[in-house]
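Fold and contact review
Each chain, letter by letter, is given below.
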Amino acid sequence: MPTVELRAVSRHVCKEVDLEVADGEFLVLLGPNGSGKTTLLNVIAGLVSYRGSVFFDGVCMDKVPASRRRVSYLPQDLVLFPHMTVKENIGYGLRMRGDPPADTQCRVQELVQLMHLDGLVNRYPSQLSGGEKQRVALARAIAPSPRVLLLDEPLSSLDLQTAKRLRAEIRRLHDLTGITTVYVTHNLEEAEELGDRVAVLHSGTVQQVGPPTTVFCSPQNEYVADFIGSPNILECDYCHPLGHGVVEVGCKELAIVVPHDGNSVKRIAFLPSDVYLTATPPPGPHVNGFEGEIIRLQETRDLVRASLSCGGNVLLAEVPRAVCAELDLEEGKRVFVILKLRRIRTYEG
Amino acid sequence: MASGVLLENLASSLIRVIAGFCAGSAVGIGLGILMGWRAKVKELLHPLISLFYPIPAIGWIPLLMLWVGINDLLPIVVIFICSFFPVLYTTASGVRSVDQSYIRVARSLGASERQILFTVVVPLALPSIFTGLRLEAGMAWRVLAAAEMIAIPTGIGALMVKAQNLVRMDIIIVCLVVLSVMCFLSEKLFLYLERKVVSKWEG
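Per chain, residues are indexed from 1 in the order of the written sequence. Whichever chain is written first is A, and whichever ligand is written first is 1; the rest continue in order. Reporting of local features is limited, given that this is a predicted model, to residues whose pLDDT is at least 70; pairs of side-chain atoms are given and counted only at 80 or more, and all residues count toward the totals for whole chains, interfaces and linings.

Bringing the packing of helix H6 (residues 113-151) of chain B against helix H7 (residues 156-165) of chain B into the picture now. All names here are of chain B. Between H6 and H7, the least distance of the axes is 6 Å, while the angle of their chain directions is 50°. Comparing their axes, H7 and H6 come out oblique. The crossing of H6 and H7 is right-handed. In this structure, H6 uses Leu144, Ala145, Ala146, Ala147, Glu148 and Met149 to contact H7, whose residues at the interface are Ile156, Gly157, Ala158, Met160 and Val161. By the convention adopted, Pro, Cys, Tyr, Trp, Phe, Met, Ile, Leu, Val and Ala count as nonpolar, Lys, Arg, Asp and Glu as charged, and the other residues, Gly among them, as polar. Split into classes, the residues belonging to the contact of H6 with H7 amount to 9 nonpolar, 1 polar and 1 charged. The axes are straight lines fitted to the C-alpha atoms, using for helices just the contacting stretch, and the angles between their N-to-C directions are given from 0 to 180°. The helix and strand labels rest on DSSP assignments: H or I over at least four residues marks a helix, E over at least two residues marks a strand, and numbering proceeds from the N terminus. Here is the rule for angles: anything less than 35 degrees is roughly parallel, anything more than 145 is roughly antiparallel, 65 through 115 is roughly perpendicular, and the remaining ranges are oblique. Crossings are classed by handedness, with left-handed meaning an anticlockwise turn of the near helix from the far one by less than a right angle and right-handed meaning a clockwise turn. Throughout, a residue-residue contact means that the two C-beta atoms, derived from backbone geometry, are no farther apart than 7 Å.

Here it is as C-alpha cells:
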C-alpha cells in the first residue's frame, strides 16, 4: 500500500494543504462542516481539479485519472447503484476492469462472507437497512483491492448502535487488509476509536496532526481546543490502585474509578458528552455514579449544556435536547450523574 | 360498412404508428443520451432543437406533402417528428439528472467513461425515458388521426372523413372509440414496461 502525500493542495476552501498518510495508516480527518474534509478526499481520489500535487509512494498522481488511481471513494450518501443487486454492486469494480466472471464471483463471495451479507446478495439496495447498505458499500469499495480507501462520514446517517458496530467492523477490515485509509468525520468518538492519527481541519487548513490522545489532551491551538470541546479536568487528591488496570482517585468529595496503569494519577479529564444524567438513581451498583445539583443550563442548537455542582466539583455535562426535555432538567434540580469509566483520561504529570 | 373495413384501416394506422414512433423514439433516445452526457453536443443541438420543437407536428404536413408526397411515408414522418422531440428532451434531461455521485463512485471503482454511460447513467435515466415514451405513445395516435384526416386516403382518420361525407355518425363514433382505446393501450403498454424494468429496484 502506498503512502499518500499532499503537497500545497488548494481547491475551494482548502489552502495549500500539506498532509502525509503513511503506508497502511488509518488517518482520520476531523473538522466541522465546510472545513474542507470532503474536498481533500475528492482531491486524493482525483475526482476534482486542484492546484498542488498528490503523490502515492512518491509518484506524482496529478495526471492520473480517477479510474486508474486505484483509490476507492465511499461518499457520504453511499450511492449504491439502485438498479443493481447487492452482488452486482459489490462486483461492479471487478466487472468494469474486465475480470473473468468466475474470479469476480469468487471475490464477491469472499466479501459477502467478510461483511456478513449472506442471504442478501440478490436484494436491491432499496430493500436493505442503513447498516446493511453501509456494509455493501464498504464491500464494493474494497472489492477491486484498492491501494487507498477514502471514507466520507460513512456512519453519520446510522443509529448509534449500528454505527458503533460498524465502526469496529471498519477498523477490523483495515487491520485485515492494511489499506491506507483516510476517514472523514466530525465525530470525536469515532476519530478517537478509529484513527492511528487524527488531522484536525479548520476552514481548509490543517490545524494539528497527531495520535488521537495527543490531539485530544493537548490541543495545539485555540481552534483545536474549541472543536475538541472543553473537557472537565479534575485534580486528584489521592490515587489508590485497585488492580486489574483500574485505580480509584479522589477529587474533592468524589471517589472516581478510572482505568489506569502506571504511576500515581494527578489529574483526570473527560468530555462533557461523556457525563450522563438521570433523574432516578441508576439501578444496581454503579461505579462512578454520583448525585449533583444543576447550577446552570445553557441551550445550543441541538444540545443542552448543564453545569453541575457535584461533590465539591463543578462538572460540565452535555445532553441532547430530547433527553433534557425528558428528564425535565431545570436549574436547582438534583440529578444523578454517571461518568463513563472508559472515557475518562488520566494524567500523571 | 363491414367490420373488415375498420380492421383494415386500423391495421394500416397501427403500422404507421409503430414505424413512426419506433424510428422517432430510437433517434430521440440516441441523440438524447448524447445530449445529456456531452455538454458539447447539447450546445451544438440545443439552438436548432429549440427552433423546431415548438412547431406542432401537424404544422409540418403541408411541407411534407410536397417533400414526401401523399403516401404511407407521410404520416410516418409526422409521427416521427411528433415522437422525436419530446423523447429527446426527456431522455436528455433524464441523463443529465443522474446524480454526479453515482458517476464519481463508478469512476473511482475504475469504470471508463463509456462503461459509466452504459452501466450507470443510461439505466438510471430509464424512468425518465419511459415517461417520455409513454406520453408520446398516446400522442402518436392523436397526431396520426389528424394526419390521416388531412392527407391520406387510408387509416382510421381517413375512415372518419369518409363516414362524415356519408353522414354515418355511428362509424365516426366507433372510430373515436377505437382511437381512444388505442391511445389508452399504448400508454398502458409503456407503463407496464416501465414498471417491469424499474419496480424491482425501486422497492
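What follows is about the interface of chain B and chain A. Facing 19 residues of chain B, the contacting portion of chain A comprises 21 residues. Of all the secondary-structure elements, those providing two or more residues to the side of chain B that touches chain A are helix H5 (100-108), H6 and helix H8 (169-202) of chain B. A total of 6 residues in the side of chain B that touches chain A trace back to one element, the largest contributor, which is H5 of chain B. In the side of chain B that touches chain A, the residues fall into 8 nonpolar, 6 polar and 5 charged.

Next up on the list: the pairing of strand E17 (residues 289-299) of chain A. All names here are of chain A. Pairing geometry for E17 and strand E20 (residues 334-339), over 5 bridges, is antiparallel. Bridge assignment links glutamate 291 to a residue of E20, and that residue is phenylalanine 336. Only when DSSP finds a minimum of two bridges between them are two strands counted as paired. For E17 and strand E18 (residues 303-310), the ladder comprises 6 bridges, and the chain directions are antiparallel. Across the sheet, the residue bridging to glutamine 298 is arginine 305, located in E18. The turn linking E17 back onto E18 is made up of 3 residues.

Glancing now at H7 of chain B. Neighbour counting defines burial: a residue surrounded by 20 or more other C-beta atoms within 10 Å of its own C-beta is buried, one with 12 or fewer is exposed, and intermediate counts give partly exposed, using backbone-placed C-beta atoms. Every buried residue belonging to H7 of chain B is among Ile156, Gly157, Ala158, Leu159 and Met160 of chain B, and all of these are buried. Just past H7 of chain B, the residue valine 167 of chain B takes up positive phi, approximately 50°.

To continue, consider helix H5 (residues 160-177) of chain A. Residue and element names in this part refer to chain A. Multiplying one less than the number of residues by 1.5 Å gives the expected span of a helix. The first and last C-alpha atoms of H5 sit 26 Å apart over 18 residues, in line with the 26 Å expected at 1.5 Å per residue. What H5 keeps buried is the set Leu166, Arg167, Ile170, Leu173 and His174. All buried residues of H5 lie within an arc of 130° about the axis, which places them on one face of the element. Set apart from the buried face of H5 by more than 90 degrees, the exposed residues are Gln161, Ala168, Arg172, Asp175 and Leu176. By arc we mean the arc of the directions from the helix axis to the C-beta atoms, nothing more.

This part covers the confidence of the model for chain B. Residue and element names in this part refer to chain B. Confidence in the prediction for chain B averages 89 pLDDT; 98% of positions are at 70 or higher. The predictor reports its confidence for every residue as pLDDT, a score running from 0 up to 100. Ranking the helices and strands of chain B by mean pLDDT puts helix H4 (residues 73-96) first, with 92, and H8 last, with 89. Interface confidence for the predicted complex, given as ipTM, is 0.81, next to a pTM of 0.75.

It is worth spelling out the sheet that holds strand E2 (residues 14-21) of chain A at this point. All names here are of chain A. In spatial order, the strands read E2-E1-E4-E5; together these 4 strands make up an open sheet with antiparallel pairing. Every interior strand has two partners, whereas the edge strands, E2 and strand E5 (59-60), have only one. Here helix H1 (residues 37-45) sits on the sheet in contact with strand E1 (4-11), E2 and strand E4 (51-56), set at roughly 120° to E1.

Moving on, we come to the nonpolar core. Counting 122 residues, the largest nonpolar core has Leu29, Ile44 and Leu150 of chain A together with Val78, Ile79 and Val121 of chain B as its most contacted members. With 18 residues, the top contributor of residues to this core is H6 of chain B. Linking buried Ala, Val, Leu, Ile, Met, Phe, Trp, Tyr and Cys residues through C-beta atoms within 7 Å yields a set, and such a set is a nonpolar core. Membership of the second largest hydrophobic core comes to 26 residues, among which are Cys251, Phe270, Val275 and Leu339 of chain A.

Through backbone hydrogen bonds, the strands of a sheet pair up, either in parallel or in antiparallel fashion. All names here are of chain A. Spatial ordering of the open sheet is given by E6-E7-E8-E3-E9-E10, a layout of 6 strands whose pairing is mixed. Looking at strand neighbours, the two that pair on one side only are strand E6 (71-74) and strand E10 (205-210), the edges of this open sheet. Direction aside, neighbouring strands of the sheet carry axes that sit 15° apart on average. The sheet contact formed by strand E7 (residues 148-152) and strand E8 (residues 180-185) spans 5 bridges and is parallel.

Residues and elements named next belong to chain A. Only one face of strand E15 (residues 267-270) is covered, namely the one carrying Ile268 and Phe270; the face carrying Arg267 and Ala269 has none of its residues buried. Two strands pair when backbone bridges link them, and strand E11 (residues 232-235) and E15 are joined in this way by 4 bridges, in the antiparallel orientation. Paired with glutamate 235 across the two strands is arginine 267, which belongs to E15. Where E15 lies against strand E21 (residues 345-347), 3 bridges are found, and the strand directions are antiparallel. Its bridge partner lying in E21, isoleucine 268 is registered against threonine 346.

What follows covers the domain arrangement of chain A. Often, the extent of an interface is quoted as the loss of accessible area on bringing the components together. Segmentation of the chain into domains, including their bounds, is taken from an automatic or database domain assignment. Split into domains, chain A comes out as domain 1 (4-228) and domain 2 (233-347). Relative placement of domain 1 of chain A and domain 2 of chain A: their C-alpha centres are 34 Å apart.

Let's shift gears to unusual backbone geometry. Residues and elements named next belong to chain A. One non-glycine residue with positive phi stands out, namely histidine 244, at about 55°. Here histidine 244 is to be found in the loop between strand E12 (238-243) and strand E13 (246-251). The backbone of lysine 252 shows a phi angle near 50°, a positive value even though the residue is not glycine. Of note, lysine 252 is situated in the loop between E13 and strand E14 (254-259).

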